[in-house]
Amino acid sequence: MREVRVESLDKLEMADGGVRLVANSGELALVFGEEAWEALGGLSLPLEPSPEELAELEDLRRGLAEHARTAGFVSVVENVPCGDEGSGERFDLVLRPSGPFALTTGYVFAPVVSQEHVARLEACLSGESFVEGAYLVGAVAEEGAFAGAAGDEGVKVLSVRGRACSSSRFELAPELWRVLSEGLGWRNVDPVSPGGSER
């Protein structure tokens, strides 16, 4: 028998008639058949972010702003209104690298990302003339949030818990991946399909 110590529970999702639990910062995946899962009592991970997840979210926000300033970005602006004045939505950070084909990216950071939050950001981004793409970054994200971002190229969802994203790491803004990999030590992101499972 092989024993593996579980140090962290990162993600819980439905998988082929059972449940898939990702643990140890994405290093371990356990797949339970439906009967085995029910025997465990149908446990679920809390949606409430841990202090460590919130701290990593804040480290990411600070790291992006610092990277943009030291790398000579054309725009590094905080607390920017999104879309029309009446939308009420704001970007926590807006970055524009230098270069002729650079895209302006807006970042919104939240403890918990919901599908409703994604829908609001998509709506305000459609009336936005300055920001061309947006990331809704959460310490944790509801399963439906990834589904909401799947059909829109302008809004992507990234979750610290499970290191999950609505796109692959190759589709991320270069500054975002640089801070995640070099600043926070991420080796990859776990792309989540509209149904909430890995692609």
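Overview of the structure. Small disclaimer: the values here were computed from a predicted structure and weren't measured.

Here the focus is the environment of L57. Along the chain, L57 turns up in helix α2 (residues 51-70). L57 has contacts with F109, A110, P111, V137, G138, A139 and V160, leaving out every residue within four places of it along the chain.

For α2, with 20 residues, the first-to-last C-alpha span of 28 Å sits near the 28 Å given by 1.5 Å per residue. Along α2, the residues classified as buried are E53, E56, L57, L60, G63, L64, A65, H67 and A68. Contacts made by the buried residues of α2 are with β4 (75-81), β5 (90-96), β6 (105-113), β7 (133-141), β8 (155-159) and α5 (174-183). Within two residues after α2, G72 carries a phi angle of roughly 75 degrees, on the positive side.

Counting through the fold element by element, V76 comes out in strand β4. The exposure class of V76 is partly exposed, given its relative accessible area of 23%. Other than its neighbours up to four places away in sequence, V76 contacts A65, A68, R69, L93, V94 and L95.

Procedures and definitions
- Residues numbered from 1 in each chain as written.
- Predicted model: local features only at pLDDT ≥ 70, side-chain atom pairs only at ≥ 80, totals over all residues.
- Heavy atoms only, no water.
- Helix = DSSP H or I, 4+ residues; strand = E, 2+ residues; numbered from the N terminus.
- Contact = heavy atoms within 4.5 Å.
- Expected span 1.5 Å × (residues − 1).
- Buried < 20%, exposed > 50% of the residue type's maximum accessible area, 1.4 Å probe, protein only.

These figures capture arrangement, not role.
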